[in-house]
Amino acid sequence: MIPAISRRETGGAPKKYLVTGGAGFIGSCFVLGAVSRGTATLTLDKLCYSGNLLNLLSLKDNPLHRFERGDIGDFSFILSLLEDFRPDALINFAAESHVDRSILAPEDFVRTNVLGTHSLLAAVLAWWKKLPAGAAEKFRFLHVSTDEVFGSLRAGEPAFTESTPYAPNSPYSASKAASDHFARAYHATYGLPVLITNCSNNYGPRQFPEKLIPLVIARAMRRESLPLYGNGENIRDWLHVEDHCAAIKLVLNRGTPGETYNVGGQAERRNIDVVRTVCSALDELRPHPDGPYAGLIRFVADRAGHDFRYAVNSAKIERELGWKRKFGFEQGLRETVLWYLENPDWLAAVQSGAYRDWIRKNYPDPEAVS
Ligand code: NAD
Ligand code: DAU
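Residues numbered from 1 in each chain as written. Chains lettered and ligands numbered in written order. Predicted model: local features only at pLDDT ≥ 70, side-chain atom pairs only at ≥ 80, totals over all residues. Heavy atoms only, no water.

1. Topic: helix H4 (residues 106–128)
The terminal C-alpha atoms of H4 lie 32 Å apart, and with 23 residues this matches the ideal 33 Å at 1.5 Å per residue to within 8%. By the largest-angle criterion, glycine 116 marks the main kink of H4, which is about 30 degrees. (Helix = DSSP H or I, 4+ residues; strand = E, 2+ residues; numbered from the N terminus. Expected span 1.5 Å × (residues − 1). Bend = angle between axes of the 7 residues up to and from the residue.)

What follows is the structure, given as structure tokens:
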């Protein structure tokens, strides 16, 4: 149980956070930052395959942090946590987050991302309606979403803005789009102070090694093939996870309820170039006698419905809230590679039997060269 903490006057910043999905990649970065700034934080996480208490190990015994295992879709459990903890803000990171898994098992994404988010909103609304007026006005529900809801860009098309129409292409992005619509509707219909962020591809420490960058680092460390879908020309806009978390903090403190904020990295890169940059960093940091890591790259069958390009226009959050990214991509990526090299125990711990099953299922022939 977290002791009561008085609200310090720091520009109206919320002092108690309930963070859902806080044991995952981005959520844990946010929780670690919040607690280090003195914010009492309750992390709620179902601890699915990508959720890992190792990510929050440094907070063990920290009186500012409390962990509860649970599902965002469990209405009565969420309600009881809200009544007990009385947060100033709830930040929802909880989701099924991997596009390839959504292609193989879309119903899991409907369950958590659509039904779970809706149930969470409903529980928060029921609790929020009973708050005294001042507390209700100050409360924030921040829903963390993705640029993938906007669909795919062609080369040369302008980056996504907050007014780009939604056009999701994968079961993952469709489920995130649905959750965004529910979050927006809870503001428009019931007045719940909802904020939404739509962020581009994150990279950094503690990302589950199913996503491109940690997958490639982990496989390269074992001298396994590095699978690139299709021709490797697809483009993503990369942002360091700490820059994303700084944006979320700003939106919580200064954002206008009912608004959405795009967050991008201004670092559009082709997948082949991302993987080559990882390989160059490894060549420098851990040279291998068998030769450069780029020799392990293999082109494999393309992802079904593979979005060609994402690019995010962050002008609104920069102009209105003063956000600015700190990490340049190449330097941030080099530091990320270093983090994985220095944390082999973390990597080994998350690469359980279930992880190996996933690799077999998604890459039936990882050695195939197109
Ligand atoms: P992640 O898979 O690493 O973390 C998701 C977390 O949610 C895990 O800890 C998991 O255990 C938890 N979770 C899953 N289902 C749950 C449920 N029903 N109840 C409670 N907890 C549950 O994902 P991530 O990359 O950290 O993404 C976090 C959020 O950010 C997601 O909503 C994702 O859509 C969004 N996002 C991710 C990126 C990215 O590049 N990774 C970019 C933009 C937005
Ligand atoms: O854009 C934000 C989104 O970024 C988030 O909403 C998602 O949660 C997150 O997973 C991420 O989605 P992507 O599909 O873009 O990320 P992923 O790391 O899976 O893939 C990045 C690119 O690399 C994509 O074009 C597919 C490609 N890829 C991926 C894997 C896993 C490969 O070429 N080979 C691979 O083995």
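After presenting the structure, the write-up continues.
2. Regarding the site of ligand 2
Within the structure, ligand 2 sits among 25 residues, and Asp147, Tyr172, Arg303, His306 and Tyr363 are positioned closest to it. Measuring from an oxygen atom of ligand 2, one finds a side-chain N or O atom of threonine 146 at 2.7 Å. In the environment of ligand 2, an oxygen atom lies 2.9 Å from a nitrogen or oxygen atom belonging to the side chain of asparagine 271. Here ligand 2 has 690 Å² of accessible area as a free molecule, and 95% of this is covered by the chains. Put simply, the parts of the chain that give the shell around ligand 2 at least two residues each are helix H3 (99–104), helix H7 (212–221) and strand E8 (226–229). (Near = heavy atom within 4 Å. Polar contact = N/O pair within 3.5 Å; in protein donor to acceptor, adjacent residues only side chain to side chain. Areas by Shrake-Rupley, 256 points an atom, 1.4 Å probe, with all protein chains shown as cover.)

3. Digging into the environment of asparagine 313
Secondary-structure assignment places asparagine 313 in the loop between strand E12 (297–300) and helix H10 (315–321). Expressed as a C-alpha distance, the spacing of asparagine 313 and tyrosine 261, which sit 52 residues apart in the sequence, is 9.7 Å. Apart from the residues lying within four places of it in its own chain, the contact partners of asparagine 313 are Ala159, Phe160, Thr161, Glu162 and Asn262. At 2.8 Å, the side chain of asparagine 313 and the backbone nitrogen of alanine 315 are in polar contact. (Contact = heavy atoms within 4.5 Å.)

4. Some thoughts on the sheet that holds strand E1 (residues 16–20)
As summarised here, the arrangement of the seven strands in space is E3-E2-E1-E4-E5-E6-E10, forming an open sheet in which the pairing is parallel. Either end of the sheet is taken by a strand with one partner, and the two such strands are strand E3 (65–69) and strand E10 (260–263). Across the sheet, the mean angle from the axis of one strand to that of its neighbour is 20 degrees, orientation sign disregarded. Note that strand E5 (residues 140–146) and strand E6 (residues 194–199) share six bridges and pair parallel. Opposite phenylalanine 141, over in E6, you have valine 194 as the bridge partner. Helix-sheet contacts for helix H2 (residues 75–85) involve E1, strand E2 (40–45), E3 and strand E4 (89–92), and the interaxial angle to E2 is about 170 degrees. The sheet strands contacting helix H8 (residues 241–254) are E1, E4, E5, E6 and E10, and the helix crosses E5 at an angle near 145 degrees. (Pairing = 2+ DSSP bridges. Axes fitted to C-alpha atoms, helices over the stretch in contact; angles between N-to-C directions.)

5. Describing the environment of arginine 286
Mapped onto the elements, arginine 286 comes out in the loop between helix H9 (271–285) and E12. Overall, arginine 286 belongs to the partly exposed group, its relative accessible area being 40%. Taking C-alpha positions, arginine 286 is 8.5 Å from leucine 341, a pair spaced 55 residues apart along the chain. In this structure arginine 286 touches Met221, Tyr293 and Leu341, once residues within four positions along its chain are discounted. (Buried < 20%, exposed > 50% of the residue type's maximum accessible area, 1.4 Å probe, protein only.)

6. With respect to the pattern of salt bridges
For side chains bearing opposite charge, pairing can occur when the charged atoms are close. For the coordinates displayed, the defined rule picks out 19 salt bridges. The salt bridge involving arginine 101 is made with glutamate 210; its shortest N-O contact spans 2.7 Å. Here glutamate 210 lies in the loop between strand E7 (201–203) and H7 and arginine 101 lies in helix H3, a separation of 109 residues in the sequence. In terms of burial, arginine 101 and glutamate 210 fall into one category: buried. Arginine 111 serves as the salt-bridge partner of aspartate 108, at 3.3 Å between the closest nitrogen and oxygen. You can see aspartate 108 and its partner arginine 111 sitting in helix H4, three residues apart, about one turn around the helix. Overlapping salt bridges, with partners in common, bring together Glu233, Arg270, Asp273 and Arg276 in one network. (Salt bridge = Lys/Arg side-chain N within 4 Å of Asp/Glu carboxyl O.)

7. As for the site of ligand 1
Residues in contact with ligand 1 amount to 28 residues; listed here are only the nearest, Asp45, Ser50, Ser97, Tyr172 and Lys176. At a separation of 3.0 Å, an oxygen atom of ligand 1 approaches a polar backbone atom of phenylalanine 25. Take tyrosine 172: an N or O atom from its side chain is 2.6 Å from an oxygen atom of ligand 1. Summarising the interface, the protein chains cover 97% of the accessible area of ligand 1, which totals 830 Å² for the free molecule. Taken together, the elements giving at least two residues each to the shell around ligand 1 come down to helix H1 (25–36), E5, helix H6 (171–190) and E7. It is E5 that contributes the most residues to the shell around ligand 1, three residues altogether.

8. Focus on the sheet that holds E7
One open sheet holds the three strands; their spatial order is E7-E9-E11, and the pairing between them is mixed. Bordering the open sheet on either side are E7 and strand E11 (268–270), each of which pairs with just one other strand. Averaged over neighbouring strand pairs, the angle between their axes works out to 50 degrees when direction is ignored. Bridge analysis of E7 against strand E9 (residues 235–240) gives three bridges, and the strand direction is parallel. Across the sheet, asparagine 202 pairs through a bridge with leucine 239, a residue of E9. Across the sheet, H8 is in contact with E7 and E9; its angle to E9 comes to roughly 70 degrees.

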